[in-house]
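Observations on the three-dimensional arrangement
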Amino acid sequence: MSYEVLARRWRPQSFEEVSGQSHVTTALRNALKQDRLPHALLLAGPRGTGKTSIARILARSLNCDEGPTEKPCGKCSSCVEIAASTSLDVQEIDAASNTGVDNVREIRDNIRYAAAPGKYRIYIIDEVHMLSQQAFNALLKTLEEPPPHSLFVFATTDPQKIPVTVLSRVQRFDLKKLGPREMLDRLRQIVSAEEISISEGVLRDVVRESDGSLRDAQTMLDRLISAFGNVIEEEGAREILDLIEHRIVADVLDPILGRDAKAALQAVRRAVEAGVDPVRLAAEILGELRNLLVTRLVGDPAELVNAAPAELAELQERARAHDPETLQRLFRVLLTRNEELARAPRPEHALEMAVVRLATLPEAEALSSLIERLDALEGGGPGGRGGPSGGGAAGGGDPAPRGGAQRGARGSGGGGTRAQAPAEPPTSSREAQIRREARDHPKVQQVISALDAELQEVRVPRQAGRRELE
């Protein structure tokens, strides 16, 4: 087959073409300029972010006829062979299928020979964390005292699995996921050069689904081109990529925000009957809640929300009617429920119950407002502070002690009639009356319900919570 996929056709051929990793490429270019390139490098980062591409560019920079140089010519035999993976001096090894100590011993023996016809002997070991412990141990001495004109470039998606003894012998560079803007710019460049007609909305969907991996985004774009040719329609693209339409998410979330559990349930049922995965739908609702909250808090959310200008305007309009605290609580509750969806026997039923919980979640009063209302109830209600019966237990002090009143009565007149203190309800009765009034107050009941729901959602045991409070 002569067709070359976009991920290979658009592989960067120079440091300038690498997207989103300037912190790595700048350091390597300066090291080449100053002739301070280390003998072993570790490129760590998520999949599809350019680790192998940077390793190849570095190999070309060293073995180019004009090199070492930060700008390989791309035309000499060394550059062409390295780009085609046919160079004898640059060996790419997959550590996942060469994990044993014998494989490393072979590398250790071969690297001692001088490069021919190139200038450096370079080993690029991909997914190096897959090597066995014995293989790493066999490599230690070579990494510490390498032969001249040799270079190891390790690439991994899981640097935590690499022994510390190896990490201390290499210079590490961490690659990051590409941001939405960088991904979008690169995809626009590709579709323009390939003369592909595609909407901005589909490109943003591809960026969102690829999760910072440019290779994944290019693979998705390849699928769309294979399915539709050079004219890609928005509806067909979402069907091919199995994306959830924004309208479906809005149909579920808007009734939740409007406290309409019935409409939210019906929207979930329609989505499930249309073939939408409940787990993915829950994740999309979480993302939409996050976007609404960010839009509500930030004046210009274009940098934080991956959406077209028209979609941003719609988000701002929808978010304006909801306070940030409500959106945060909905996000927190759904995040807790979302962890159970994958384990549920029927995920669609778990999602329905989560949606009902969100739509019926009580409004939470601010803690300061709750304290003010309790103080007002305690101070102005019957039996409370400022009430006709004087100070109570909760009112900050008892009246004059009854024992003192009796002693004063006894000392007031030798054998005369004993003065009687005015009758008072027992302190315990006043406390019970205040507690009963506070408990039955509608606002207090509302806040108690909200707090109770919060405790249930974050899985705080009731008895443990009471013991901590006591």
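So, a few notes on the structure that sits alongside this text.

Cut-off values and rules
- Residues numbered from 1 in each chain as written.
- Predicted model: local features only at pLDDT ≥ 70, side-chain atom pairs only at ≥ 80, totals over all residues.
- Heavy atoms only, no water.
- Core = buried A, V, L, I, M, F, W, Y, C linked by side-chain atoms within 4.5 Å.
- Buried < 20%, exposed > 50% of the residue type's maximum accessible area, 1.4 Å probe, protein only.
- Helix = DSSP H or I, 4+ residues; strand = E, 2+ residues; numbered from the N terminus.
- Contact = heavy atoms within 4.5 Å.
- Pairing = 2+ DSSP bridges.
- Axes fitted to C-alpha atoms, helices over the stretch in contact; angles between N-to-C directions.
- Parallel < 35°, antiparallel > 145°, perpendicular 65-115°, else oblique.
- Left-handed = near helix turned anticlockwise from the far one by under 90°.
- Nonpolar A, V, L, I, M, F, W, Y, C, P; charged D, E, K, R; others polar.

**Observations concerning the nonpolar core**
Ranked by internal contacts, the top residues of the largest apolar core, which has 35 residues, are Ile-256, Leu-281 and Ile-285. Elements supplying a minimum of two residues to this core: α12 (246–257), α13 (261–273), α14 (278–297), α15 (309–319), α16 (324–341) and α17 (347–359). The dominant element in this core, judged by the number of residues it contributes, is α14, at eight residues. Sequence-distant contacts of Ile-256, that is, excluding residues within four places in its chain, are made with Ala-264, Leu-330, Val-355, Leu-358 and Ala-359. In this structure, Leu-187, Val-206, Leu-214 and Met-220 belong to the second largest nonpolar core, which totals 24 residues.

**Points about the sheet that holds strand β4 (residues 150–156)**
Strand order in this open sheet of five strands is β2-β3-β4-β1-β5, and the pairing throughout is parallel. With one partner strand each, in any of the chains shown, β2 (90–94) and β5 (171–174) form the two edges of the open sheet. The mean angle between the axes of side-by-side strands here comes to 15°, regardless of whether they run parallel or antiparallel. Both strand β3 (residues 121–126) and β4 contribute to a ladder of six bridges, which runs parallel. Across the sheet, the residue bridging to Tyr-123 is Phe-152, located in β4.

**Describing the packing of α16 against α17**
The N-to-C vectors of α16 and α17 enclose an angle of 165°; their axes lie 10 Å apart at closest approach. With respect to α17, the axis of α16 lies roughly antiparallel. Of the two elements, α16 crosses α17, and the hand of that crossing is right-handed. Contacts between α16 and α17 involve Leu-330, Val-333, Leu-334, Arg-337 and Leu-341 from the former and Pro-347, Ala-350, Leu-351, Met-353, Ala-354, Arg-357 and Leu-358 from the latter. In terms of residue class, the contact of α16 with α17 is built from ten nonpolar, no polar and two charged.

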